[in-house]
Amino acid sequence: MRRRTSTKPDTCLNRSVLSYAATQNRGLWWRRFLIADRTGMDVRYAEELIEGVLSDLGTVAFADDQELLRYCYRVAGTVGLMMCPILEVRDRHALAHAIDLGVAMQLTNICRDVLEDAQRQRVYLPGERLQEVEVESTALVRCDADPSRVAVVVRDLLLLAERYYESADAGMLYIPARTRFAILVASRLYRAIGLKLLAQGANRSEGGFGYRGLEKSLASAAPC
């Protein structure tokens, strides 16, 4: 997983990023770039985020943990990096912890939404892990995979997420006190979802592995 730690502003924006923002006609992207100018945010993180989001537009299938963690870094770890200057986090040692919080939360998302994602032709569970429990990714897409075997993979990824949450917790002290609470709440909320899944054996055979209702509404309210 790549970890870029430069905080120097990149004033020469990648043309492909500008083209994407223009064709989508979304002023939000332009406002983010203006924020980058004001805060010193490295725009390369935004470019990597866009790259990750674009990779989600079609069929998704990851071969191994490396591909999964690269994706988690791009769509969530980069958000942590971009939040650091906005939250006025100045210590460079905080950057790795910010990445780890994003990765942990994204892993929780993936474990929470296995069924829903598979129905959209998106299988984020690494192929190598699925092969170890004799499950084909196509079986997930067809919704006829053995839930108990899928649960083994989900459990292992939730335990992996726990390692990233522990690193994130160690970095909370780098966040100024006035904004630390909000980030801590978001982290605790997402972590609780994963811990609940673990307590259930990571097997939600009734209704699949997705969380719905109040749990998912609360989860979607947290930054990720």
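Located above this text is the structure these notes cover.
Let me begin by describing the structure that accompanies this report. (Residues numbered from 1 in each chain as written. Predicted model: local features only at pLDDT ≥ 70, side-chain atom pairs only at ≥ 80, totals over all residues. Heavy atoms only, no water.)

### So, the packing of aromatic side chains
At step 1: Tallied over the full model, the rule gives three aromatic pairs.
At step 2: When the ring of F62 is compared with that of Y124, the centres are 5.8 Å apart and the planes differ by 55 degrees; the resulting orientation is tilted. Taken as a pair, F62 in the loop between β1 (60-61) and α4 (65-86) and Y124 in the loop between β2 (122-123) and α7 (127-132) lie far apart in primary sequence, 62 residues in all. Taken as a pair, F62 and Y124 share a single burial class, namely buried.
At step 3: These aromatic residues form a ring-pair network of at least three members: F62, Y71 and Y124. (Phe/Tyr/Trp six-rings, centres within 6.5 Å; stacked < 30°, edge-to-face > 60°. Helix = DSSP H or I, 4+ residues; strand = E, 2+ residues; numbered from the N terminus. Buried < 20%, exposed > 50% of the residue type's maximum accessible area, 1.4 Å probe, protein only.)

### Regarding helix α10 (residues 177-199)
Residues spaced three or four apart along an α-helix point in a common direction, a consequence of the helix completing one turn every 3.6 residues.
At step 1: Over its 23 residues, α10 extends 32 Å from the first C-alpha to the last, a length consistent with the 33 Å expected when each residue adds 1.5 Å.
At step 2: In the stretch just after α10, G201 is the one whose phi turns positive, near 80 degrees. (Expected span 1.5 Å × (residues − 1).)

### Things to note about unusual backbone geometry
Most peptide bonds are trans, and most residues other than glycine sit at a negative phi.
At step 1: Although it is not a glycine, Q121 adopts a positive phi angle of roughly 65 degrees.
At step 2: Note on placement: Q121 falls in the loop between α6 (114-119) and β2.
At step 3: Its identity as a non-glycine residue notwithstanding, C143 has a phi of 65 degrees, on the positive side.
At step 4: Of note, C143 is situated in the loop between α8 (137-142) and α9 (147-170).
At step 5: Residue classification places C143 among the partly exposed positions, given a relative accessible area of 42%.

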